[in-house]
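# Summary of the model geometry
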Amino acid sequence: NGKRCSTATAFLRPAIERSNLHIGTGVTVRKVIFDGNKAVGVSYVQEANNVEGSVRARREVILSAGSIGSPHILMLSGIGPSSHLKEAGIENKVDLSVGKNLYDHLMFVLMYLASPESEIYEHTLHPDSVMSLNNLFQYYVYGTGPLATTSIEAIGFLDSEIDKNVTAATLALHFVGGVSSNTSKFGLSRDILKEVFGPEFADRTKRGFAIAPTLLQPKSVGELYLNITHPFDKPVIDPHYLEHPDDVKVLIKGAKIAEELVGTSQVFAKGIKCEGETANSPYEYGTDEFWEWLIRLTITTIYHPVGTCKMGSVDDTSTVVDPRLRVKGVEGLRVVDASIMPRIISGNTNAPVIMIAEKAADMIKADWNNNH
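Because the structure is predicted, anything quoted here is derived from the model rather than measured.

Quick look at the sheet that holds strand E3 (residues 51-56) now. By way of backbone hydrogen bonds, the strands of a sheet pair with one another, either parallel or antiparallel. Read from one edge to the other, the open sheet built from three strands follows the order E1-E2-E3, with strand pairing classed as antiparallel. Each edge of the sheet is formed by a strand with only one pairing partner; in this case those strands are strand E1 (27-35) and E3. Neighbour-to-neighbour, the strand axes of the sheet open up by a mean angle of 25°, direction not taken into account.

Residues Val 32, Leu 74, Ile 79, Leu 325, Val 327, Leu 333 and Val 335 are the most contacted members of the largest nonpolar core, which totals 37 residues. Mapped onto this core, the elements with two or more residues apiece are E1, strand E2 (38-46), strand E4 (61-63), helix H2 (66-76), strand E16 (333-335) and helix H9 (350-371). Non-local contacts of Val 327, meaning those with residues more than four positions away in its chain, are made with Leu 74, Ile 79, Leu 96, Val 320, Val 321, Leu 333, Arg 334 and Val 335. Of all hydrophobic cores here, the second largest spans 31 residues; its members include Leu 193, Ile 272, Phe 290 and Ile 299.

On to unusual backbone geometry, then. The backbone phi angle of Asn 50 is positive, close to 60°, even though this residue is not glycine. The class of Asn 50 is exposed, set by a relative accessible area of 60%. Positive phi values are uncommon outside glycine, yet Asn 101 reaches one of about 60°.

A separate point is a nonpolar patch on the surface. Where nonpolar side chains cluster on the molecular surface, the patch consists of Leu 12, Ile 16, Leu 21 and Ile 23 and spans about 290 Å² of accessible area. Structurally, the position occupied by Leu 12 is in helix H1 (residues 7-12). Owing to a relative accessible area of 37%, Leu 12 belongs among the partly exposed residues under this scheme.

As a further point, take the environment of Thr 278. Position of Thr 278 relative to the elements: it lies in the loop between strand E14 (272-274) and helix H8 (288-298). A sequence separation of 82 residues divides Thr 278 from Val 196, and the C-alpha atoms of the two residues are 8.1 Å apart.

Taking 1.5 Å per residue as the helical rise, helix H7 (residues 245-264) with its 20 residues ought to reach 28 Å, and the 29 Å between its terminal C-alpha atoms agrees with that figure. Residues of H7 that are buried: Asp 246, Asp 247, Val 248, Val 250, Leu 251, Ile 252, Gly 254, Ala 255, Ala 258 and Val 262.

Now for the packing of H7 against H8. Running from N to C, H7 and H8 cross one another at 110°; their axes reach a closest spacing of 9 Å. It follows from the interaxial angle that H7 and H8 lie roughly perpendicular. Of H8, the residues touching H7 (which contributes Val 248, Leu 251, Ile 252, Ala 255, Lys 256 and Glu 259) are Asp 288, Trp 291, Glu 292, Ile 295 and Arg 296. Each residue belonging to the contact of H7 with H8 can be placed in one class, and the counts come to six nonpolar, no polar and five charged.

Turning next to the pairing of strand E10 (residues 171-176). When strand E9 (residues 152-158) meets E10, the two strands line up antiparallel, connected through six bridges. Along E10, the bridge assignment pairs Leu 158 with Leu 171.

Before going further, it helps to examine the environment of Ser 115. Tracing the sequence through the fold places Ser 115 in the loop between strand E8 (110-114) and helix H4 (133-142). Non-local contacts of Ser 115, meaning those with residues more than four positions away in its chain, are made with Tyr 121 and Gly 271.

Attention now moves to the pairing of E8. Burial of E8 is extensive: five of the five residues sit out of reach of the surface. Of the two faces of E8, both are covered, the one formed by Leu 110, Tyr 112 and Ala 114 as well as the one formed by Met 111 and Leu 113. Relative to strand E11 (residues 208-215), E8 runs antiparallel, the two being bridged by four bridges. Pairing of Tyr 112 across the sheet is with Phe 209, part of E11. Pairing analysis gives three bridges linking E8 to E14, with the strands arranged antiparallel. If you follow Tyr 112 over to E14, its bridge partner there is Cys 274.

What follows covers the pattern of salt bridges. Note on pairing: side chains with opposite charge can pair once their charged atoms come close. If you walk through the whole model with that rule in mind, you get twelve salt bridges. Across the salt bridge formed by Lys 249 and Asp 246, the nearest N and O atoms sit 3.9 Å from each other. Within this pair, Lys 249 and its partner Asp 246 are both found in helix H7, separated by three residues, close to a single helical turn. Exposure remark for Lys 249: the relative accessible area of 44% places this residue in the partly exposed category. Overall, Asp 246 belongs to the buried group, its relative accessible area being 15%. When the shortest N-O distance is used, the salt bridge between Asp 322 and Arg 326 registers 2.8 Å. Three or more residues joined by partner-sharing salt bridges are found here, namely Glu 60, Arg 324, Arg 334 and Asp 367.

Evaluated as defined, the whole model comprises eight aromatic pairs. Between Tyr 112 and Phe 209 the ring centres are 5.0 Å apart and the planes differ by 10°, which places this aromatic pair in the stacked class. Within this pair, whereas Tyr 112 is found in strand E8, its partner Phe 209 is found in strand E11, the two being separated by 97 residues in sequence. Phe 209 shares its class with Tyr 112; the two are buried. Ring geometry for Phe 290 and Trp 293: centres 5.7 Å apart, planes at 40°, overall tilted. One end of the pair, Phe 290, and the other, Trp 293, are both in helix H8, three residues apart, so they sit about a helical turn from each other. Each of the two residues, Phe 290 as well as Trp 293, counts as buried. Here the basic side chain of Arg 30 rests over the ring of Phe 232, its NZ or CZ set 4.0 Å away from the ring centre. Taking the ring centre of Trp 368 as reference, the NZ or CZ of Arg 59 above it sits at 5.0 Å.

What counts, and where the lines are drawn
Residues numbered from 1 in each chain as written. Predicted model: local features only at pLDDT ≥ 70, side-chain atom pairs only at ≥ 80, totals over all residues. Heavy atoms only, no water. Pairing = 2+ DSSP bridges. Helix = DSSP H or I, 4+ residues; strand = E, 2+ residues; numbered from the N terminus. Axes fitted to C-alpha atoms, helices over the stretch in contact; angles between N-to-C directions. Core = buried A, V, L, I, M, F, W, Y, C linked by side-chain atoms within 4.5 Å. Buried < 20%, exposed > 50% of the residue type's maximum accessible area, 1.4 Å probe, protein only. Contact = heavy atoms within 4.5 Å. Patch = residues over 30% accessible without salt bridge, like charges linked within 9 Å, V, L, I, M, F, W, Y side chains within 5 Å. Areas by Shrake-Rupley, 256 points an atom, 1.4 Å probe, with all protein chains shown as cover. Salt bridge = Lys/Arg side-chain N within 4 Å of Asp/Glu carboxyl O. Expected span 1.5 Å × (residues − 1). Parallel < 35°, antiparallel > 145°, perpendicular 65-115°, else oblique. Nonpolar A, V, L, I, M, F, W, Y, C, P; charged D, E, K, R; others polar. Phe/Tyr/Trp six-rings, centres within 6.5 Å; stacked < 30°, edge-to-face > 60°. Lys NZ or Arg CZ within 6 Å of the ring centre and 35° of its normal.

And the structure:
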């Protein structure tokens, strides 16, 4: 029907009337409550009035707070690197590599402006016309039109061939049928864009398209840790983006492939200009030095963090949960979200996280049916 289906729509709403389900909103979990070595509940704070409370679990506590939230809660609960927790004034219950092994997908966006003489001019989306009455009518009545898409018209998965030992796709190209005037989601201010690319590209209100080279198998590994002076505040995230030189090489390869696609196609033969051509760069357009400069200036996360509660063998000191997602060293506590992935996958994380949850539900039921 042209609408995206969230996990809330697919799983939560159909079960919302169940007597054994209670949903609390505006609530922040502070830490896991233990009775000896067994997790028996969680403590929380109601954000609106700062009132603290707790919820008890008869069987297990399951953390699904994501790759940032789950390790944060574990460390506040005394599960994590012992030296770091001691520094934060938190008693260490289990010394585990919580918060390490942070992977993420990165991309940078190449914007191409189309002039009226271009063959594709009329086929690109104008930012100001996306929310037109006609498009709104198409979407709400028929579930079609531009608003029924993600704006990404195609994705190509490629082997960048930078590292012959990596067998998975290491590079993706996202193709967008328009240029965006909303740069804030990419972490780019219009002042920076205007300074670097000139006012024509800074406003991005004209017709055109975009190609976004995306790093799928980063070698740079980040971490997160507690704010030492205020542990309950948001954790400190050090993603180490582009620290490994191969990550930059992969993205440079992506830029060159994008340029080759545009430069060799008859469809783009006239009336197309890449924003990089007008860039105020100290390097010559199209050189490796230029692309690295542009990548480091405009790189952005696409919000796919994984790995901070790594799953694996109980004998592996880098892991946090075992293959059945149980936190090592304690009882009655599991983590079920993207943080358990040992490495990042070469694709979006949404569907795999749903799969992790489905598999976890089956394992939890099997464990309790077999043991009780």
